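# Coordinate analysis (summary)
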Amino acid sequence: TGYTIFLTCINGAFALLVPAALLLASGGNVLAVLVNFIFYILFAPACGGMINRIMYASDSINQTQEAMFKLNRILAEKPLPEAAAPKSPQGASVEFRDVSFTYPGMETPALSHVSFSVAENSTVALVGPSGGGKTTAASLIPRFWDTQEGALLVGGVDVQEIASDTLMEQVAFVFQDTKLFKKSLYENIHSSRPDAAREEVLAAAHAAQCDDILAKLPQGIDTVVGTKGVYLAGGEAQRIALSRAMLKNAPIIVLDEATAFADPENEHQIQKAFEELTRGKTVLMIAHRLSTI
């Protein structure tokens, strides 16, 4: 809307200003005004076009600077410290003990003295409105952040005492906003466990209810996502993410609003995939609606 108003004012101004200026400059000579106005009818759009190009160039520069600022912030982040004497988790339970966490630069804690546990091979759901700290709690499990107070235990061991690669092997995530690589669906799924055989990747896709997705694509599971008009709907991308998690076969599953962008048909397929994914696993499920649970 802002751009539309701006362009209308810039391009529409010439229709009023040019005749008025010519009329004043010519002292009322209508013929001279008419001749000059024809010239400016041809010249004025070129001026507007140049102004538009400057505007779009400035917008591109601002977007680039913002992207570089965010990228530099990421590159400047220091890795979380590794445990001096790493321990191995004993089982797949998850426990929050009086955990508090505040994001850098914020004053209000995202989590304040939170305690709960997810027993091995059981499911616990966190349900509530946006901003309640549900995703924050889930992000602390694989140490995307470290707790500032309290302790978070996986398999009875503080996550800060577990080697990062060992911890990541224990946890599989399905996020609300799924990101797919600009590669084939096979490579997208295979990335969760690079040593998996092709048959295992196909089995994971089948278990995640992806058969209808693969059937409509020109090269099936070998179709590259993001090229030649090959894009997936939100619910379809979620099912690909579920197949990643199935192939990884981690003992702890975190489902962060995994049906948020799914239409009813896709949500039904995702729910069926959940049944397969969560069987015999420790599950932390995050949702805004009880119906999802």
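Criteria and cut-off values
Position numbers for residues count from 1 along each chain, tracking the sequence in the order it is written. Reporting of local features is limited, given that this is a predicted model, to residues whose pLDDT is at least 70; pairs of side-chain atoms are given and counted only at 80 or more, and all residues count toward the totals for whole chains, interfaces and linings. Only hydrogens and water are removed before side-chain values are computed, so all heavy atoms of the structure are retained for them. Put simply, DSSP marks the helices as runs of H or I at least four residues long and the strands as runs of E at least two long, and each gets a number from the N terminus on. Note on exposure labels: buried denotes an accessible area under 20% of the residue type's maximum, exposed denotes more than 50%, and partly exposed covers the range between, all computed with a 1.4 Å probe on protein chains only. Throughout, a contact is declared for two residues whenever any of their heavy atoms are within 4.5 Å. Areas reported here follow the Shrake-Rupley algorithm with a probe of radius 1.4 Å; residue values treat only the protein chains shown as occluding. Two strands qualify as a pair provided that DSSP identifies no fewer than 2 bridges between them. Residues belong to one nonpolar core when they are buried, are Ala, Val, Leu, Ile, Met, Phe, Trp, Tyr or Cys, and are joined through side-chain atoms within 4.5 Å.

For the rest of this paragraph, the subject is the overall build of the protein chain. Of regular secondary structure, the protein chain possesses nine helices and eight strands. Relative to its 293 residues, the protein chain shows a buried fraction of 39%. Within the protein chain, counting contacts between residues at least 6 apart in sequence, those at least 24 apart form 72% of the total. Entry remark: accessible area of the protein chain is about 16,900 Å², with carbon and sulfur atoms responsible for 60%.

Here we take up the sheet that holds strand β5 (residues 157–158). Strand order across the open sheet formed by four strands is β2-β1-β4-β5, with antiparallel pairing between neighbours. The sheet is open, and its two edges are formed by β2 (111–118) and β5, each paired on a single side. Direction of pairing for strand β1 (residues 94–101) relative to β2: antiparallel, over a ladder of five bridges. Among the inter-strand pairings, Val 94 is bridged to a residue of β2, identified as Val 118.

If you look at soluble globular proteins, the nonpolar side chains tend to sit buried side by side. Membership of the largest hydrophobic core comes to 33 residues, with the highest contact counts inside it found for Leu 185, Ile 189, Ile 221, Leu 242, Met 246, Leu 255 and Leu 277. At the level of elements, β6 (171–174), α5 (185–190), α6 (198–207), α7 (211–216), α8 (234–248), β7 (252–256), α9 (264–277) and β8 (282–287) are the ones that each hand at least two residues to this core. Counting residues per element, this core draws most heavily on α8, which supplies six residues. Among all residues touching Leu 185, those that are not within four sequence positions of it are Leu 214, Leu 217, Gly 220, Ile 221, Thr 223, Val 225, Leu 232 and Ile 240. With 25 residues, the next largest nonpolar core counts Val 154, Val 157, Ile 252 and Ile 286 among its residues.

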